[in-house]
Structure formats: structure tokens, C-alpha cells
Amino acid sequence: MAEDYKEGPPGETGVDEQPGNIAQPDNNTGQRAESQPDLNDQTEYNQNETSAAQDEGPDTSEGSDTWLIEKAQQNYTTSTAYLDTNISNTWEKNLSHFRSEHAPGSNYTQANFKRSAIFRPKTRTNLKAQEASFATSTFGSQDLLVIEPEDPSDPVQVASAKITKTVLQYRMKKKMPWFLTVQGAYQNAKVYGVCFSHNYWNYQVDEHIKPAFNTMGVPETNDQGEALGFKDRVIRHDDLVCDLVAPENFRFDPMADWRDPVSSSPYIIYMKPIYVGDALEMMSTNDPKTGKPAWREHDMAAILATRRQSYDRTRQAREGARRVDPADENYGSENSIVWAHMNILRLNGEDYVYWTMGTEIVLAGLKRLRDTYPHLKVGERPFTMGYTSIETHRNYPAGDVELTSGLQEEINTLANQRMDNVKLVLNKRYFVRRGSQTDLDALIRNVPGGGVMMNDPEKDVQVVNTPDVTGSSYEEQDRLAAEMDDLGGGFSGSSMQNSNLGETKDATQRVDSKAAAVDDYGKTIFIQSWLNTTINQLVRLVQMYETDEVILSLAAKEAELYERFGVNDVTDQLLRQSLTVNVDVGVGNTDPMRRVEKLLMGVREVAQLPGMMERMKVDSISDEIFANLGYKSSIKFVMSKEEFAEAQKAKGEQPPPLEHQAKMRELDIREADNKMRNERESARMAQDKELGISSTDSKSRSKSESDNLSGNISRERMQHERDLEASKGGREMFKINQDIQNKNNNPGG
């Protein structure tokens, strides 16, 4: 019993010494022993044990099913009450404004409201512009992320970084909807104020028995006549998964640390909608990791009985008032939706996880979280949370939709009042004398070209003239729109009109820069809170579970594994290295053309530094330029190293330019003249010798002149060869600069 145990300080043995099915320290080694028995197994009871259990009542010890259900109900009730009281109303209003609808409870939604009720979609306009800017920043580059070794001098870590980056980018682009996931998370953070994701590796295998046949084609059987066969394993799923979780389906303690609620909360509840048929399959199919079903077996009636009233205000607001909540269906079949709860508890400083169907039945018993998710660090959980604004000591910060909701309502009010005014100007209001026998229906319809029956038109009916709306109404709306842009980081014509800076180019850039700074601030918060954290978990999942031979071979080729290390296989030791992961996001530079201009300016400045020109990664620069121009890479326009080598080989040795050919001919002529002069001088000297009139001075003078002339020609020839080489380099540099200028002048070409 509980009173027979004495609690020790947590942390010494990993868990406190308490009874139940939680693992206890081994007496000999001091290490934590395995749970006895495994709570994920089906427990069998004999008749005596069942009778004894009924006599003693339900087992309420820590880790028992009764205890787990009580914890699940307690945490679910507490979190639901907090959400319904403090958060759900705000989310419902935010979703209505996001969908360009008036929020519930507004005068515009009342049945007896007869005035103008239009909704000016300023919220959706701003949010769409912010999403477009974020997409440009995040996916405008060819590389989605930057993975670097912690020790750049270690060649193994360098190779591991390249392999991991290639594998993860391949899966993001080819195997998972990464663009929709990231954009959806960013949208959730803007609308709800928070976003959540569940990061894991989905591995499912189907096992089939193939019948065995003998050489005659007859099925093989055993002695009892039963057919023999072979197990055939077919991989159904082997995927890296990052699932977005609807905010109302993720619960944590409201008093958790506002900087990291997911890891600091004493409990986590992930409410996962699942079809009854899929739940039954989980109960009957063996998990390839354990060889046993992942969930305990229950019949369909027990599963359907866990459904409570499934209506949720937040989910209904997301669907819209005119749609039926798809989860609020009460038909009982395999296609019905039930809610499986993943419950994470912190017990004695360590996280444990178990599954329940609703809060009624246990699907999987208590297990250590890191046994289920081995890639996690100590204290980490397989969920990540993000936001776009910081509100200290508040676990549910306000998103941009909530921050601008008051201005949105004022814009709607002003627009509807102006619309009412315009309608009254075009369709007058009338005072009708009581009992005047006037045709009120015809008067109200006010059909063009129609008539109205009355006894005395001058006395029975009086037209009420309404003055037209003044320009102050439009000016006030522009001010409200500008304030909304300033708060959300948007830039529009109203922002420019109300900036009092005029419409010069410099003024426009100042206003645009101010809006970009606010927008970039929200991006930076989101990147640091969700994107970086999520990608770090995905990297560790790839290092732990990646076995796809095709992907690994592509990664090995990219990392030049054979050239560097003389091996072709990617081993676990090579893959599981310590790496630094960052996201390649162009914050502060969302205009593609300005990004290209800044990139080229940076390349030119760096190229002027000593020794930097040769270290430039030309292929990466080309890919970045064309990615900003809307192309996936530069491979369509720039030859690879192999293609360039083949092209040069096919061209052969190219002749020098015409001006260099002319210079060479001039030097040849001068060399021939010098040779003829030497011959004439030699002939003259021979003649002088015969005549005996030569002297030492004349010989020395002639030799000196000849040497000087030969030396000048040699120097000129060497200088010309240097000029020729410089000219070749100059032509290549001119061609590169000309191509870059043409690309800037014709970005879409």
C-alpha cells in the first residue's frame, strides 16, 4: 500500500519510489528497471483474481487504469473550463473577422437588424499580404534550411551536415506538404495567436501470408493439413510527419511558463480526431516496433459510447455559420469520428504518455515518453508551439487579428453608416399622415415609374430630405485603415496618404521600411518560436529513422561521400552527428528584385577583398538569383561543370582576337627585319675583316645595337603575351557582367 513506501527526493533515481506499475530502481545497479508488468499489454485475470479485485474495489494506485482515467478526466475538465471561460470567445471572434463575417453577438447578426450590414475585409486583406510576404521570405530561396557542423574542422561532421540537409530538403519538397504546413502554422499564429504541431515518424507495415508451393505447383501443408506460407511485409508508410494541431485540440496547464508552455506544463492533452474504423485497425494490427497491437482491443459499441456532445464553438466558427460541423455527426458506423486523447504527464520529474478514447477507456497504458519518442532530448516533448507576438506572462498571446479587431469593427460601423446615408439620399424617407388612406406598400417599394394612390399628395405625404455624406467620413476611414496597417505591419495607399510625407520616392521607402520592420518582427518571433524548434526535431527524426536507400544515395552523392571518405554507404554513426540547424529565411528583404540587387552588391563588394574572388560559390549565387526571379534553380540557364567541360572540348582551341593577330604579325615582321639586318651587318663585318679596316669599337657598337634590338623585340613579345592573357580574362569578366545586366533588365526572360 501507499503508506508502506517512503518518498525520496526526485532526481536521484529518476523517479520517486512509489507503488504501482511505474518502473522502480533496480536494487543492484541503481538504474531504473523496466515496468513490471508492461501496461501496454492485455492483462489476464483468473477467476480468483477477478473476485478479489471486485471485493477490494477498483485499483486506484498510481499507473492503474482507474488512476489514469481520473487523471485524464481531471486535466481535460480543468483545461476545457479555462478555454471556454477565457479563450474561446476571442477565438470565435477572430475566426469570424478572418472569414469576413460579423462576430457572434454583434448587432449585425440579429434577426431584426434591418440596416446595412456589410463587412469590409480589411483583416483578411492584411493577413493575406503578410502570408504572401512570409512565403516569399521562407520559400524564395533554393535552400530551405542551413545545417552546419558544430565542429567545421571535423570532416565527418561536415559530411553529416550535407547528408542530413539533402535528406531533409528532399523529404520536405517531395514527401511531405511542407509549404502548406508552414503557411498554415503562420496563419494559425496570426488568427489564434498560437500554433501547435505534432512531429513524429509514421512507420506502418502490412503483413500478408503468401502460400508456399512445391515444385509441382501444389500448395504446401503441414501434418495437420494446414496451408504453409511465407510472411510478406509491405511498407505502407515510412514518412516524416509534421501535423498541425487545431489550437482547441491541444491543452496545457494555463500556469505553465509563458516562454515554453509545451515543455513546462505538468500535463499535455492532444485530442486527435480519428475514424472508428481506423481505431479498430489500431487495435488489431501489430506495431512493427513491438510486435503487438498499439492499442488495447475494444468493440465498436464501447468506442462509440465515448462520444460526448462533440459540438465545439471554435471549430464551428472555423467552418462558418452556414456549414454543419463535420465532427458533429451522430451516425454510428466505422466512418464516425471519435476523439483519441494522447495524455502526457510529468511524474517525479520524468514524462510519461498514455492514450485514452475520450476520457472513458484506456487505449494504451503508461509508458516513458522517451521510449516512444527516442529522438527527444531530456525534458522535450514531440510538440512545438509558435506565435507571432510576445505578451509576457500570458500563455495565449493575441494574434494580429485580435489586436486589430477593434479597428475592424469601427471600419465596419463607419462603412455601414455611410451606406445607410447613401441609401437615404437615393431612396427618401417619408412622413405619412395617419389615416390618410395612402398606398403604403407602393410608397415603400418606390418602384421607378410607379404610382402611389393617396387622397391629398401635399398634406398626406411629406418627403424627408437627407444631406449627402461629407468627405470627413472617407477621411476617417482612411485614418482607421492606416492605423490598422501600422499595427499589423501592412503597407497600402491609405498608409501613404496619412503619413504626411507626400508621395516622393524617399517618402514611400520610409513608410515601406517602417511597415516592413513591423512585419519582419512578427516573422522573427514565429521563426524562433516554431520554425527553428520544429526543424530541429525533424532533423533528429531523420537521423534516427531514415532508411530510404534512394534518398540516402542521393544524399551521399551530394556530400561527395566516396570522394572524401572512400565509402558509399551512409551509416548511423555518420548520420547522427552533432549539427547546428537554422532556417534560410530572407527577413528584412522580401522584394525579389531588391533581394537580387542586394545580393549582387554584396558579391561585388566581397569579390574586391583579397583572395575572395576564387572562393566564391558561383553555382550557389546563380541559384539564389534565379530563385528570386521565380525559377527553381539556375540549371535551366547555366551549364554544369560537366556540360561546360564538354562544350569547351567540342569547341577546341579558339583563335585569338583580330587585334591580337595583327599585333603578332607586326612582331613577326619586325623580327624578320631584325634578322635581315643582322645578316647584312654580318656580311659587312666579314667584308671589313677581309679589307682589314674593322676595329674593336665598330664591332662592339654593332653587337650592342643588335643585342638591344633583339632584347626590345623579346620584351615586346612577352608583354604582348601577358596582354593576351589579360584580354582573355577581361573578355570573360565582361561577358559575366553583361549576362548579369541582361538578367536584371529582363527578369522574366
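Structure: see above.
Residues numbered from 1 in each chain as written. Predicted model: local features only at pLDDT ≥ 70, side-chain atom pairs only at ≥ 80, totals over all residues. Heavy atoms only, no water.

## Looking at the packing of helix α3 (residues 122–139) against helix α5 (residues 178–191)
Let me state the cut-off plainly: Between the N-to-C directions of two axes lies an angle of 0 to 180 degrees, each axis being a line fitted to C-alpha atoms and, for a helix, fitted only over the stretch in contact. By definition, any uninterrupted DSSP run of H or I lasting at least four residues is a helix, any uninterrupted run of E lasting at least two residues is a strand, and each is numbered from the N terminus. For classification purposes, an angle smaller than 35 degrees is called roughly parallel, one larger than 145 roughly antiparallel, one from 65 to 115 roughly perpendicular, and anything else oblique. Here a crossing is taken to be left-handed if its near helix is turned anticlockwise relative to the far helix by less than a right angle, and right-handed if that turn runs clockwise. Whether two residues are in contact is decided by their heavy atoms: any pair within 4.5 Å suffices. Polar here means any residue outside two lists: the nonpolar Ala, Val, Leu, Ile, Met, Phe, Trp, Tyr, Cys and Pro, and the charged Asp, Glu, Lys and Arg; Gly therefore counts as polar.
Here α3 crosses α5 at 140°, and the two axes come no closer than 11 Å. In terms of orientation, α3 lies oblique with respect to α5. Crossing of α3 over α5 shows right-handed handedness. Along its contact with α3, which presents L127, Q130, E131, F134, A135 and F139, the element α5 presents W178, F179, V182, Q183, Y186, Q187, K190 and V191. Looking at the contact of α3 with α5 residue by residue, the class counts come to nine nonpolar, three polar and two charged.

## Some words on a negative patch on the surface
Counted only if it meets this: Exposure above 30% relative accessible area and the absence of a salt bridge qualify a residue for a patch, where like charges join within 9 Å and nonpolar side chains (Val, Leu, Ile, Met, Phe, Trp, Tyr) within 5 Å. Shrake-Rupley sampling with a 1.4 Å probe provides the accessible areas, and residues are treated as covered by the protein chains on show and by no other component. The term salt bridge refers to a side-chain nitrogen of Lys or Arg lying within 4 Å of a carboxyl oxygen of Asp or Glu. For the purpose of counting charges, residues Lys and Arg are taken to be positive, whereas Asp and Glu are taken to be negative. His and the chain ends are not included. We put the charge of a Lys on NZ, of an Arg on CZ, of an Asp on CG and of a Glu on CD.
Negative charge collects at one region of the surface, where E410, E476, E483 and D486 lie side by side. With three residues, the single largest contributor to the negative patch is helix α15 (residues 471–488). Note that E483 resides in helix α15.

## Let's talk about α15
Worth spelling out the cut-off: Expected helix span is given by 1.5 Å per residue-to-residue step, counting one fewer step than there are residues.
Given a rise of 1.5 Å per residue, 18 residues ought to cover 26 Å, and the 26 Å separating the end C-alpha atoms of α15 matches this to within 8%. In the stretch just after α15, G489 is the one whose phi turns positive, near 80°.

## Overview of the pairing of strand β7 (residues 350–357)
Filter applied, for reference: The buried label applies to any residue whose accessible area, calculated with a 1.4 Å probe on protein chains only, is under 20% of its type's maximum; exposed applies above 50%, and partly exposed to all values in between. The pairing criterion is simple: DSSP has to find at least two bridges between the two strands.
The buried fraction of β7 is high, at eight of eight residues. Covered by surrounding structure in β7 are E350, Y352, Y354 and T356 together with D351, V353, W355 and M357, the residues of both alternating faces. Bridging between strand β6 (residues 337–347) and β7 involves eight bridges; their strand directions are antiparallel. Note that in β7 the partner of M342 across the bridge is W355.

## What to know about the pattern of salt bridges
Taken as a whole and assessed by the stated rule, the structure comprises 23 salt bridges. Among the salt bridges present, the one from E681 reaches R684, with a minimum N-O distance of 2.1 Å. Of this pair, E681 and R684 both sit in helix α24 (residues 658–691), three residues apart, which is roughly one turn of that helix. Members of the salt-bridge network, linked through shared partners, are D206, R236 and E281.

## Regarding the sheet that holds strand β2 (residues 195–211)
Overall, antiparallel pairing links the three strands, which are arranged β3-β2-β9 in an open sheet. Only two strands of the sheet have a single partner each, and these edge strands are β3 (229–245) and β9 (383–386). Shown here is a sheet whose adjacent strand axes are inclined to one another by a mean of 20°, direction ignored. Sheet strands touched by α5: β2, β3 and β9. Its angle to β3, the strand with the most contacts, is close to 35°.

## Let's talk about the side chain of T123
Counted only if it meets this: Any N or O atom pair separated by 3.5 Å or less is treated as a polar contact, with the protein-specific requirement of one donor-capable and one acceptor-capable atom, and with residues adjacent in sequence counted only for side-chain atom pairs.
Within the element layout of this structure, T123 appears in helix α3. Classification of T123 by relative accessible area gives buried; the value is 2%. Within the structure, T123 has its side chain in polar contact with the side chain of Q408 (distance 2.7 Å). Setting aside residues up to four positions removed in sequence, T123 forms contacts with H97, F98, V401, Q408 and M484.

## Thoughts on the environment of V234
Of note, V234 is situated in strand β3. Note on V234: relative accessible area 38%, which makes it partly exposed. Taking the C-alpha atoms as reference points, V234 and H208, separated by 26 residues in sequence, lie 8.0 Å from one another. The contact partners of V234, leaving out residues within four places of it in the chain, are Q204, V205, D206 and H208.

## Focus: the packing of aromatic side chains
In plain terms, the rule: When the centres of two rings from Phe, Tyr and Trp lie within 6.5 Å, Trp using its six-membered ring, the rings pair. Their planes under 30 degrees apart give stacked, over 60 give edge-to-face, and anything left gives tilted. As a reminder, the over-ring test applies to NZ of lysine and CZ of arginine, requiring each to be within 6 Å of the ring centre and within 35 degrees of the ring normal.
Enumeration over the complete set of coordinates arrives at 18 aromatic pairs. Consider the rings of F134 and F526, whose centres lie 5.4 Å apart with planes at 85°: the pair is edge-to-face. On the criterion of sequence distance, the pair formed by F134 in helix α3 and F526 in helix α17 (residues 505–545) is long-range, its members being 392 residues apart. Exposure class is identical for F134 and F526. Each is buried. Centre to centre, the rings of F526 and W530 are 5.5 Å apart; their planes meet at 25°, and the pair counts as stacked. Placement of both F526 and W530 in helix α17 is noted, with a separation of four residues, approximately one turn of the helix. Here the two residues F526 and W530 agree in accessibility, since each one is buried. Put simply, the rings of Y82, W91, Y192, F196, F250, F252, Y270, F383 and Y396 pair up and form one aromatic cluster. The positively charged end of R124 is found above the aromatic ring belonging to F98, 4.0 Å away from the centroid.

## Concerning the sheet that holds strand β4 (residues 250–252)
One key point about sheets: their strands pair by backbone hydrogen bonds, in either a parallel or an antiparallel sense. Taken in spatial order, the five strands of this open sheet run β4-β5-β6-β7-β8, and their pairing is antiparallel. Both outer strands of the open sheet, β4 and β8 (361–368), are each paired with one neighbouring strand and no more. Strand-to-strand, the axes of this sheet are offset by a mean angle of 20°, without reference to chain direction. Relative to β8, β7 is paired through five bridges, and the arrangement is antiparallel. Its bridge partner being in β8, Y352 is matched across the sheet by R368. Across the sheet, helix α7 (residues 276–284) is in contact with β5 (267–275), β6, β7 and β8; its angle to β5 comes to roughly 110°.

## Description of a nonpolar patch on the surface
On the surface, a nonpolar cluster with roughly 280 Å² of combined accessible area is contributed by V432, L440 and I444. Examined against the element boundaries, L440 turns out to sit in helix α13 (residues 440–445).

## Looking at the environment of M271
Topologically, M271 is positioned in strand β5. Setting aside anything within four residues of it in sequence, one finds M271 in contact with Y76, E248, N249, R251, W339, A340 and H341.

## Describing the packing of helix α4 (residues 155–175) against helix α18 (residues 549–558)
Across the interface, α4 lies against α18 with an axial gap of 8 Å and an inter-helix angle of 130°. Compared by their axis directions, α4 and α18 come out oblique. Crossing geometry of α4 relative to α18 is assigned as right-handed. On the side of α4, the interface is formed by I163, T166, V167, Y170, R171 and K175, while α18 contributes I551, L552, L554, A555 and E558. Here the contact of α4 with α18 is composed, by residue class, of seven nonpolar, one polar and three charged.

## Regarding unusual backbone geometry
The phi dihedral of N348 is positive, around 55°, even though this residue is not glycine. In this fold, N348 is placed in the loop between β6 and β7. Here N446, not a glycine, exhibits a phi torsion of approximately 50°, which is positive.

## What about helix α12 (residues 405–426)?
For α12, built from 22 residues, the straight-helix expectation of 32 Å at 1.5 Å per residue is met to within 8% by its first-to-last C-alpha distance of 32 Å. Looking only at α12, the buried set comprises S405, L407, Q408, I411, N412, L414, A415, N416, R418, D420 and N421.

## Notes on the state of the cysteines
Put simply, the test is: Cysteine sulfur atoms that pair up within 2.5 Å are treated as a disulfide.
Under the counting rule described, the total for this entry stands at zero disulfides. Looking at the unpaired C195, the closest cysteine sulfur is the one in C242, lying at 9.3 Å. C195 gets classed as buried once you look at its relative accessible area, which sits at 0%. Residue C242 is classed as buried on the basis of its relative accessible area, which comes to 6%.

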